[in-house]
Structure formats: structure tokens, C-alpha cells
Amino acid sequence: QNLGYDIQQAALILSVGGAFGFVGKISYAIYADKLRDKLIPTTFVLLSVQLLIWLTVIHTDNIYLLYLSAAGVGLCSGTFLPLYPVFISTYFDESVMGKVSGNQGLIFLPFMLLAAPMAGVAYDTTGSYVPIFWAVFGVTLVMMTLFIILGKPQRASIQTVP
């Protein structure tokens, strides 16, 4: 709405993102077994796409590019949701998967709780959400760096369920 679009157009952006989040989940479910041995490259590609999307969101006011960006964010985010358990099962022994999953939730919780208030403060301070978009861009770069450092799993072999 801050870019001059009416509330229906702005709301449609969120709807497009949500719909493509569903598509991302379904797509990953279809290709999960084929992508399991390519976990790091797949993740790196998804994060690279997100970087391009956030740059587009930051630098455009074109409604169609914003719809396309929402679709991309939804697709990538939808894919990441089922990727978390795959990462846990790939990098950790099954005897600690519950602990790792539980601790992962504790690690993500502060970020999830702080996201909305930080966006509000950024908007109240600057009159724009662009600083938050740059923050997400930076976090994505950090994630890419961590995945490069993480590398392939050290487990002897990754077995897929027949």
C-alpha cells in the first residue's frame, strides 16, 4: 500500500506467496529422494534465488515484479519447511534426532518472535520496510556461508527408504 497500490492488490501479493509456499512443499515432496544426495547444492540454489528475489523487492515498485517475488519467496520458503527434517536426518544420528529437532525450535524461536516487532520498528523509524528486506538479504548471505562451511555430511552413506 505504501507504493500506491490498493489493499486488494497488496493482499494478493501475500496470497500469491502463500499459494506458492504450498507448491514448494509439494514440489519438494515429489523430488525429495532424488535431491537427498544433492542437499547442499539444492539449498544453495534456493538461497541464491532468495537473494535475487529480495534485491527485486528492494528495488522495484512494479506490482507484477512484486507478485513474481512473492511467488519466489513462497516457493523457496515452502521448500525449506520440509528440508529442515531432512537436514537433521542427514547430519545427525537417529538416536539424537529428537533432541536436535527440539533444540532447533529453541534456536529459531527468538528470530520468529522478533521479526514482526523489528519490522514495525523499522517502518516506524524509516517509513519503509526496505531496511528489514536488507536484513533478510544479509541473513540469507550468512546462511549461504554456513552451508558452504557445513559441506557434505560425514556419515558413511545416506540411505533412502525404498
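Just above sits the structure.
Residues numbered from 1 in each chain as written. Predicted model: local features only at pLDDT ≥ 70, side-chain atom pairs only at ≥ 80, totals over all residues. Heavy atoms only, no water.

1. A word on helix 2 (residues 39–59)
Since the α-helix advances by 3.6 residues per turn, residues separated by three or four positions end up pointing in the same direction.
Logical step 1: Helix length check: helix 2 (21 residues) gives 30 Å between terminal C-alpha atoms against 30 Å at 1.5 Å per residue, within 8%.
Logical step 2: For helix 2, every residue scored as buried is listed here: L39, I40, T42, T43, L46, L47, Q50, L51, I53, W54, V57 and I58.
Logical step 3: In the core, the buried residues of helix 2 are packed alongside helix 1 (7–35), helix 3 (63–91) and helix 5 (130–150). (Helix = DSSP H or I, 4+ residues; strand = E, 2+ residues; numbered from the N terminus. Expected span 1.5 Å × (residues − 1). Buried < 20%, exposed > 50% of the residue type's maximum accessible area, 1.4 Å probe, protein only. Contact = heavy atoms within 4.5 Å.)

2. Focus: the packing of helix 1 against helix 3
The packing of two helices is summarised by the inter-axis angle and the distance between the axes.
Logical step 1: Two elements in contact, helix 1 and helix 3, have axes whose closest approach is 6 Å; the angle formed by their N-to-C orientations is 35°. The way helix 1 lies across helix 3 gives a crossing that is right-handed.
Logical step 2: When grouped by side-chain class, the residues that make up the contact of helix 1 with helix 3 number 16 nonpolar, seven polar and one charged. (Axes fitted to C-alpha atoms, helices over the stretch in contact; angles between N-to-C directions. Left-handed = near helix turned anticlockwise from the far one by under 90°. Nonpolar A, V, L, I, M, F, W, Y, C, P; charged D, E, K, R; others polar.)

3. Some details on the side chain of T60
Logical step 1: Mapping T60 onto the fold places it in the loop between helix 2 and helix 3.
Logical step 2: Side-chain polar atoms of T60 contact the backbone nitrogen of N62, separated by 3.0 Å.
Logical step 3: With residues near it in sequence (within four places) discarded, T60 still touches L3, L65 and L66. (Polar contact = N/O pair within 3.5 Å; in protein donor to acceptor, adjacent residues only side chain to side chain.)

4. Topic: the packing of helix 3 against helix 4 (residues 97–126)
Logical step 1: Two elements in contact, helix 3 and helix 4, have axes whose closest approach is 10 Å; the angle formed by their N-to-C orientations is 135°. When the interaxial angle is binned, helix 3 and helix 4 end up oblique. By crossing handedness, the relation of helix 3 to helix 4 is classed as right-handed. Between helix 3 and helix 4, the contacting residues are Y84, I88 and S89 on the first element and M97, V100, S101, Q104 and F108 on the second.
Logical step 2: Here the residues of the contact of helix 3 with helix 4 sort into five nonpolar, three polar and no charged. (Parallel < 35°, antiparallel > 145°, perpendicular 65-115°, else oblique.)

5. What about the nonpolar core?
Logical step 1: Judged by nonpolar contacts, the single largest core of 19 residues is most densely connected at Y28, L39, L83 and F87.
Logical step 2: Among the elements of the structure, helix 1, helix 2, helix 3 and helix 5 are those that each provide at least two residues to this core.
Logical step 3: If near-sequence neighbours (up to four positions away) are discounted, L39 is found in contact with Y28, L83, V86, F87, T90 and Y91.
Logical step 4: By size, the runner-up hydrophobic cluster in this structure holds five residues, among which are V16, I63, Y67 and A70. (Core = buried A, V, L, I, M, F, W, Y, C linked by side-chain atoms within 4.5 Å.)

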